[in-house]
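What follows is each chain in one-letter form.
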Amino acid sequence: MPPRVLTGIKPTGSPHVGNLLGAIRPALRLAEQGLDAMYFIADYHALTTVQDPKALRELTYEVAATWLAMGLDPDRVQFYRQSDIPEIFELAWVLACFTSKGWMNKAHAYKAIVAANEGGGEADADAGINVGIYTYPILMAADILAFDIDLVPVGKDQVQHVEIARDIAQRLNHICGSEVLRLPQAKLEDNSAIVPGLDGRKMSKSYDNTIPLFAAGKQLKKIINRIVTDSTPPEVPKDPETSTIFQIYRAVASPDDTRAFADRFRAGIGWGDAKNALFERLEAELGDTRSRYDALMADPSKIDALLAQGATRARKTARATLDRVRKAIGISR
Ligand code: TRP
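Note that this is a predicted model, so its numbers are computed, not measured.

Peer 1: Explain helix α14 (residues 300–329) to me, please; I cannot follow it from the model alone.
Peer 2: Helix length check: α14 (30 residues) gives 41 Å between terminal C-alpha atoms against 44 Å at 1.5 Å per residue, within 8%. The sharpest bend along α14 reaches about 25° and sits at Ala-314. When we look at burial in α14, the residues that qualify are Ile-303, Leu-307, Gly-310, Ala-311, Ala-314, Thr-317, Ala-318, Thr-321, Leu-322 and Val-325. In the stretch just after α14, Gly-330 is the one whose phi turns positive, near 90°.

Given below as structure tokens:
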């Protein structure tokens, strides 16, 4: 059997060009290579921070439509909403009982908020931290362990979470004296794929420097005009590698187009012309995806139907795991 891979997509922001390269394309490639892939919308993880009901609903559809428009084949990839699999949440409770509180205290994401509170002179180090944020790694462990996953493709910031899932599984297996849960492994994604945002830092919704995947026309032009450049005159030869414009272009363009664009930099190109070229390339490369996206968003019931189909299939696996766990821990016979 091919290795089974799983990843969760948290619907906390509108998809942008950085997601395309950093997460979506590599994940779709794994599925094309024949791995048994499960990709899901981690909507209950998003609830730890997105508590505006309208936004949560909208973002969930946007993320689902993006992956489908980008070519995710729901016949090949199990694609579902986390919240449609109640077994995950029952498993999360069981796992919580096998998780040392100290492990949660040490989780980077939680520690970062505590550090920010302390640094910002907050009297309460836990200010603004709900228990969902604190136990986030346990729910993520359940996402993974419910499906006998081999590999979890993640960025650097999520490696610790996968290790926690492994630790929890190991402890439960040890205490129950059998291999109840499969031990997952993090598959660290290549960082060279990181796309810079408008200000040159990593493109990220937390820096507010993103190019939304589905911005078009005038709106897209305006966004591209915000890309920060220096005052080098047009005719001066430029190193493409140091240009944000070039790096974003390369993220979406073919190798041939990218080479030709690099040559224009070396020959000397004005920033205005470079921005126009980027605008045209984005329009050309994302046009078809955008039409598929728009069609899906115009009729979200199609998205619901596809996700429900995925959930029906995924639940069978989660049910089998949960039954095994319940037996092993002495809850059922
Ligand atoms: N925590 C991940 C993120 O913020 C999302 C996620 C939730 C996830 N459950 C998962 C990723 C399980 C991999 C496996 O990006």
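Peer 1: Would you mind going over the pattern of salt bridges with me for this structure?
Peer 2: Where charged atoms of side chains with opposite charge meet at close range, the side chains can pair. Enumeration according to the criterion identifies 16 salt bridges in this entry. A salt bridge links Arg-281 to Asp-257; the shortest N-O distance between them is 3.4 Å. Remark: Asp-257 occurs in helix α12 (residues 255–267) and Arg-281 occurs in helix α13 (residues 271–298); sequence separation between them is 24 residues. Two residues, Asp-323 and Arg-319, come together in a salt bridge whose shortest N-O distance is 2.9 Å.

Peer 1: Sorry, what's going on with the site of the ligand here?
Peer 2: Taken together, the neighbourhood of the ligand is formed by 13 residues, with Gly-8, His-45, Tyr-136, Asp-143 and Gln-158 sitting nearest. Between the ligand and Tyr-136 there is a distance of 2.6 Å, counted from a nitrogen atom to a side-chain nitrogen or oxygen. For the ligand, whose accessible area on its own is 360 Å², the fraction buried by protein is 89%. For the shell around the ligand, the secondary-structure elements that each account for two or more residues are β1 (4–9) and α8 (136–145). Take the shell around the ligand: its biggest share by element is 4 residues, from α8. When its residues are assigned to classes, the shell around the ligand shows 7 nonpolar, 4 polar and 2 charged.

Peer 1: So what exactly am I meant to see when it comes to the pairing of strand β2 (residues 36–41) here?
Peer 2: The element β2 is largely enclosed, with a buried count of 5 among its 6 residues. In the sheet, β1 pairs with β2 via 6 bridges, with the strands oriented parallel. Considered in β2, the bridge of Thr-7 is made with Tyr-39. Between β1 and its parallel partner β2, the chain crosses via helix α1 (residues 17–32), and the hand of that crossover is right-handed. Strand direction decides the pairing type here: β2 and strand β3 (residues 78–81), joined by 4 bridges, are parallel. Residue Phe-40 lies in a different strand from β3, and its bridge partner there is Tyr-80.

Peer 1: Just to check I follow, could you spell out a negative patch on the surface for this structure?
Peer 2: On the surface, a cluster of negative charge is made up of Glu-118, Glu-122, Asp-124 and Asp-126. With respect to the element layout, Asp-124 can be found in the loop between α6 (108–119) and α7 (131–134). Here Asp-124 falls in the partly exposed class, since its relative accessible area comes to 42%.

Peer 1: What exactly am I supposed to notice about the environment of Gln-33 here?
Peer 2: Note that Gln-33 resides in the loop between α1 and β2. In this structure the C-alpha to C-alpha distance between Gln-33 and Pro-2, which are 31 residues apart in sequence, comes to 9.9 Å.

Peer 1: Quick question: what am I supposed to make of the domain arrangement of the protein chain here?
Peer 2: By convention, interface size is frequently given as the accessible area that disappears when the constituent parts associate. Domain parsing of the protein chain yields domain 1 (4–194 + 300–329) and domain 2 (214–294). Measuring from the centre of the C-alpha atoms in domain 1 to the corresponding centre in domain 2 gives 34 Å. When the two sides are added together, the surface that domain 1 and domain 2 hide from each other amounts to roughly 770 Å², 68% of it contributed by carbon and sulfur. The interface formed by domain 1 and domain 2 contains 0 salt bridges. Here domain 1 is connected to domain 2 by 2 residue pairs in polar contact (both at pLDDT 80 or more).

Rules used in this analysis
Residues numbered from 1 in each chain as written. Predicted model: local features only at pLDDT ≥ 70, side-chain atom pairs only at ≥ 80, totals over all residues. Heavy atoms only, no water. Helix = DSSP H or I, 4+ residues; strand = E, 2+ residues; numbered from the N terminus. Expected span 1.5 Å × (residues − 1). Bend = angle between axes of the 7 residues up to and from the residue. Buried < 20%, exposed > 50% of the residue type's maximum accessible area, 1.4 Å probe, protein only. Salt bridge = Lys/Arg side-chain N within 4 Å of Asp/Glu carboxyl O. Near = heavy atom within 4 Å. Polar contact = N/O pair within 3.5 Å; in protein donor to acceptor, adjacent residues only side chain to side chain. Areas by Shrake-Rupley, 256 points an atom, 1.4 Å probe, with all protein chains shown as cover. Nonpolar A, V, L, I, M, F, W, Y, C, P; charged D, E, K, R; others polar. Pairing = 2+ DSSP bridges. Right-handed = clockwise from strand over helix to strand, strands pointing away. Patch = residues over 30% accessible without salt bridge, like charges linked within 9 Å, V, L, I, M, F, W, Y side chains within 5 Å. Lys, Arg positive; Asp, Glu negative; His and termini not counted. Charge placed at Lys NZ, Arg CZ, Asp CG, Glu CD. Domains from an automatic or database assignment. Buried area = accessible area lost by both parts, 1.4 Å probe.

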